[in-house]
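# A structural walkthrough
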Amino acid sequence: MSIETIGQVASLGAALRQEVGKAVVGQDALVDLISVAVLAGGHCLLEGPPGTAKTLMAQAFARAAGLGFGRIQFTPDLMPGDILGSNLFNFQTSTFTLTKGPIFTELLLADEINRTPPKTQAALLEAMQERRVTINGEGHALSPRFTVLATQNPIEQQGVYPLPEAQLDRFLFKLLVGYPDADQERRIVADHGGRFKAPAVADFGVTQVADGALIAAAVAVVSQVRLADEIVDYIVRLIRATRATADLECGASPRAASLLARAACAAAALDGRDYAIPDDVKRLAPHVLRHRLILSPAAEIEGRTVEQLVSDLVTATEVPR
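Quick summary incoming for the structure in this document. No experiment lies behind these values; they were computed from the predicted model shown.

### Quick look at a nonpolar patch on the surface
Together, F89, F91 and F96 give the surface a local cluster of nonpolar side chains, amounting to about 400 Å² of exposed area. Residue position: F89 is located in strand β3 (residues 85-90).

Right, dumping it as C-alpha cells:
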C-alpha cells in the first residue's frame with residue numbers, strides 16, 4: 001500500500017481510529033488529534049487522572065501505525081542519561097561506545113512526565129525541537145518521525161512538578177483525557193474486569209495498518225495542502241490577540257502560530273480536503289493554546305480560566321470569508 005492522495009490520508013486516519021478503538025473505548029476524538037500531531041510533525045501532552053488509558057492509547061497507536069515504540073517511566077530520581085544514553089568505556093578496545101537511551105525510537109511515551117524534576121525534563125528539549133540529541137558534545141540524529149506522547153497527572157495531585165514554559169511550548173497539543181460516560185465505562189469493565197493480568201495491546205486484536213514509510217508518505221501529501229493567505233492572516237490575528245489581552249500574563253509564541261497552521265493542514269487532509277479552512281483553526285486552537293497561555297493575577301482572582309479566554313478570543317477574532 002502507498003499513499004499519494006488526500007483520500008488515502010483520510011483512509012489512513014480512519015484505519016488508525018478503528019484499530020486503536022479496539023483497545024481504548026470512547027476516545028476516537030483524541031486518536032484523531034494524535035494522528036493530526038503525527039502528520040504535522042508535532043508532539044502531544046495528554047493530561048488526565050490515573051486510570052484513563054493514556055498509556056494504553058499510546059501503545060495501541062504505535063502498534064497500529066507501525067512505529068518503533070519506546071517508553072520512559074518518569075520518576076523523581078530519573079537522570080538525563082537515563083533518557084539520552086551515555087558513552088561507556090570498553091576496556092577491551094580502550095574506546096568509548098555509545099549506549100543509546102530509549103529516546104532513540106520513533107514514538108516515545110514519556111509516561112507521567114511531570115513526576116520528574118525540570119532538570120530531567122529538559123533532556124527532551126533539543127530532541128523535541130530538532131529531532132537530535134547531544135551526548136558528551138557529539139550530536140546524534142533521531143528518526144525524522146520522532147514523536148513524543150507525554151502523559152501527565154493534573155497539577156493538583158501530589159508529587160508532580162510543573163513543566164517549564166519552554167518544555168510546554170514544544171508540544172503541539174495539550175489534550176485533556178476525561179472519565180468515560182456510563183455506557184463507555186460499562187464496556188471498559190466488561191472488557192477488562194475479567195482479566196487477571198495486565199492485557200497487552202495485541203490481546204485486543206489491534207493490528208498494524210501502516211509503517212514508518214507510509215507515515216512519511218502521508219506527511220509528504222499533507223505538505224501539499226493549500227494554506228490560503230486569508231487563513232495565514234487569521235492564524236496570526238488569533239495568536240497576536242493572545243498577547244494583547246490584559247487577562248493573560250503570557251501569550252502564545254510565533255512557534256504556536258506555525259504549529260497551528262501545520263496542524264490545520266493535517267486536519268484538512270484527514271478530513272479529505274486539500275485545503276485548510278477556518279473551522280480547522282477554530283477546532284484545533286484550544287488544544288494548541290491551552291498550555292501556552294498564563295492567566296494574569298487579576299484574571300485568576302476573577303475566576304477566569306484559560307479555556308474560557310481561548311473561546312472568547314476565537315469568537316472575537318475576525319474569520320475570513
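### Overview of helix α10 (residues 229-244)
Because each turn of an α-helix spans 3.6 residues, side chains separated by three or four positions in sequence point in the same direction. Here α10 is 16 residues long and its end C-alpha atoms lie 22 Å apart, about the 22 Å a rise of 1.5 Å per residue gives. Those residues of α10 not exposed but buried are I231, Y234, I235, L238, I239 and T242. One side of α10 carries all its buried residues, which in axial view fall inside an arc of 125 degrees. Pointing more than 90 degrees away from the buried face of α10 are the exposed residues D229, R240 and A244. If you follow the buried residues of α10, they end up packed against β10 (248-250), α11 (254-270), α12 (278-289) and α14 (306-316).

### Focus on the packing of aromatic side chains
Going through the model one piece at a time under the given rule, you end up with zero aromatic pairs. When the ring centre of Y275 is taken as reference, the NZ or CZ atom of R273 above it lies at 5.8 Å.

Conventions we followed
Residues numbered from 1 in each chain as written. Predicted model: local features only at pLDDT ≥ 70, side-chain atom pairs only at ≥ 80, totals over all residues. Heavy atoms only, no water. Patch = residues over 30% accessible without salt bridge, like charges linked within 9 Å, V, L, I, M, F, W, Y side chains within 5 Å. Areas by Shrake-Rupley, 256 points an atom, 1.4 Å probe, with all protein chains shown as cover. Salt bridge = Lys/Arg side-chain N within 4 Å of Asp/Glu carboxyl O. Helix = DSSP H or I, 4+ residues; strand = E, 2+ residues; numbered from the N terminus. Expected span 1.5 Å × (residues − 1). Buried < 20%, exposed > 50% of the residue type's maximum accessible area, 1.4 Å probe, protein only. Arc of directions from axis to C-beta. Contact = heavy atoms within 4.5 Å. Phe/Tyr/Trp six-rings, centres within 6.5 Å; stacked < 30°, edge-to-face > 60°. Lys NZ or Arg CZ within 6 Å of the ring centre and 35° of its normal.

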